[in-house]
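The lines below spell out each chain.
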Amino acid sequence: MWICSNGKFLEEAELLLDVRTNRAFRYGDGFFETMRFENKRLPLFKYHENRIKASNEYFKFETSIHSFSEIESLVEQTFQLNNLESGIARVTFFRSGEGRYTPLQNEMHFLIEVTEQSFGSYFSLLNEVGLSETTCIHAHSFSHLKTLNALPYVLAAMEAQEKQWNECILPNTKNEIAEGTWSSLVWMEEDVLYTPPLSSGCVDSTMKHALKDSLQKKGKMLTEKVCTLSNLQQAQEVWLLNATRGIQAVSHFQDKIYSHLQAQKAAKELNDFLSQ
C-alpha cells in the first residue's frame, strides 16, 4: 500500500520509524483524524479541518503547511495511488524531534494511511449496547481532541467484546454519560434531540457537527445537555455517531428497547446534506 509521509508518497515497507525521536511512539505527543472517502471526495473534510486547526493550535505545532486543505488533496491522492474508490483514511499528526517530556522543537509531522472499505447509507442499527463498569472518561482541557492516547477507549472496547456488546458507552468521573468507544452520543427525549456538552469529557465529534448543520437546514436543533443514566432510560431513541459510519441507532440498552424511526429520517437528510 502507498502511504503519504509529510507530503511524500512511498510504499509502507519504505517507512522507517526512529524510536528514539518519534514522539508519537514515545509519548503519544500528537492527534489523529479518521475520515470517510467515497465518490472521490471526503464529505466531512471541512469538519475535520476545523478540528485539525484547533488541535494544531492546542499542541503548539509549527508547520510549513500553508492551508490544511492541502491535507484533503494529499488524502485523495493517496486513495488514487492505491486505486481505491472508497475507504477510510487515518491521518496522524505528531511532534517531531528529540527531547523527553519537554520537546526540543515543535515541528509537526504527519502520516496518511488508507484502508479499502465500502459504504452503504449513513444509517445502521446497534442491537446490544452496554455501559462500561471498568473505564471512565476524565474531562480536562484537551479531552475534546482525538489525541494519540486512546487507552480508555481501548479498555472499554475490550470490555464490550468480552460482554458481546456492539458498543460500550462510557461515563465520566461524575457518573455523567459522555460517549462511546468510537462514537458520540445523541438521544431523543420528549421529541427533543440532546447531546452531552464537551465539559462531559467527550471528543468534539465531526459527525455531530455535520448532523447539527443538517438538522438546522430543516429548522431543527441539537441541544447540549448533561446526560445521566436516567436520561437514557427515559429516551425515545439513542444514537451513536461516527465519522465513517454515520448514525447508528441503538436497539437495546440494559432493559430498554428503543425506536429508530427518527434516526432513519435524520440519516437520509444527513446523506442528502453531505452529498451537496
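Since we're looking at a predicted model, the values are computed, not measured.

So, how was this worked out
- Residues numbered from 1 in each chain as written.
- Predicted model: local features only at pLDDT ≥ 70, side-chain atom pairs only at ≥ 80, totals over all residues.
- Heavy atoms only, no water.
- 1 Å grid on protein atoms, 1.4 Å probe; cavity = no way out; pocket = protein on both sides within 12 Å on 5 of 7 lines; lining within 4 Å.
- Points joined across faces, edges and corners; volume = space filled by probe spheres on them.
- Helix = DSSP H or I, 4+ residues; strand = E, 2+ residues; numbered from the N terminus.
- Nonpolar A, V, L, I, M, F, W, Y, C, P; charged D, E, K, R; others polar.
- Core = buried A, V, L, I, M, F, W, Y, C linked by side-chain atoms within 4.5 Å.
- Buried < 20%, exposed > 50% of the residue type's maximum accessible area, 1.4 Å probe, protein only.
- Contact = heavy atoms within 4.5 Å.
- Pairing = 2+ DSSP bridges.
- Axes fitted to C-alpha atoms, helices over the stretch in contact; angles between N-to-C directions.

Student: Would you mind going over the layout of surface pockets in detail, with residue names and values included?
Tutor: Counted as a void, the largest pocket has a volume near 1200 Å³. In terms of lining residues, the largest pocket is bounded by 43 residues, among which Phe32, Lys146, Thr147, Tyr153 and Val203 are the most central. Counting residues per element, the ones that place at least two in the lining of the largest pocket are helix 1 (23-27), strand 3 (30-37), helix 2 (45-59), strand 4 (87-95), helix 4 (151-162), strand 9 (177-180), helix 5 (206-217) and strand 13 (237-242). A per-element tally of the lining of the largest pocket places helix 4 first, with four residues. Grouping the amino acids of the lining of the largest pocket by side-chain chemistry returns 19 nonpolar, 17 polar and seven charged. For the second largest pocket, the lining is made up of 20 residues, of which Leu15, Leu17, Asn22, Phe94 and Leu111 are closest to its centre. Residue assignment for the lining of the second largest pocket shows that the elements contributing at least two residues are helix 1, strand 4 and strand 5 (108-116). Here the lining of the second largest pocket takes four residues from strand 4, the largest share from any one element.

Student: Quick rundown of the nonpolar core? Include the residues and the values.
Tutor: With 24 residues, the main nonpolar core has Ile71, Val75, Phe93, Phe110 and Ile112 as its most contacted residues. Of all the elements in the fold, those that place two or more residues in this core are strand 3, helix 2, helix 3 (69-81), strand 4 and strand 5. Here Ile71 is in contact with Phe45, Ile65, Val91, Phe93, Phe110 and Ile112, once residues within four sequence places are set aside. Judged by nonpolar contacts, the second largest core, of 22 residues, contains Met188, Leu215, Ala263 and Ala266.

Student: Mind laying out the sheet that holds strand 11 (residues 192-195), listing which residues take part and the relevant values?
Tutor: Within a beta sheet, neighbouring strands are joined by backbone hydrogen bonds and run either parallel or antiparallel to one another. In space, the six strands of this open sheet follow the order 6-14-13-10-11-12, with mixed pairing throughout. Single-partner strands in this sheet number two, and they are strand 6 (123-126) and strand 12 (222-224). This sheet shows a mean twist of 30° between the axes of neighbouring strands, independent of strand direction. Bridge count for strand 10 (residues 184-189) against strand 13 is five bridges, and the pairing is antiparallel. In the sheet register, Trp187 faces strand 13, and the bridge partner there is Val238. Strands in contact with helix 5 are strand 10, strand 11, strand 12, strand 13 and strand 14 (246-250); relative to strand 13, the strand with the most contacts, it is inclined by about 120°. Strands in contact with helix 7 (residues 261-274) are strand 6, strand 10, strand 13 and strand 14; relative to strand 13, the strand with the most contacts, it is inclined by about 30°.

Student: So what's going on with the pairing of strand 9? Which residues, and what values?
Tutor: Where strand 8 (residues 167-171) and strand 9 come together, three bridges link them in antiparallel fashion. Each residue of the ladder has a partner; that of Pro171, found in strand 9, is Ile177.

Student: Before we move on, could you go through the sheet that holds strand 2 (residues 8-11) and cite the residues and values that matter?
Tutor: The five strands lie next to each other as 2-1-5-4-3, forming an open sheet whose pairing is antiparallel. The sheet is open, and its two edges are formed by strand 2 and strand 3, each paired on a single side. When the angles between neighbouring strand axes are averaged without regard to direction, this sheet yields 20°. Across eight bridges, strand 3 lies against strand 4 in antiparallel orientation. For Phe37, the partnering residue across the bridge sits in strand 4 and is Gly87. Along the sheet face, helix 3 touches strand 1 (2-5), strand 2, strand 3, strand 4 and strand 5 and points at about 40° away from the line of strand 5.

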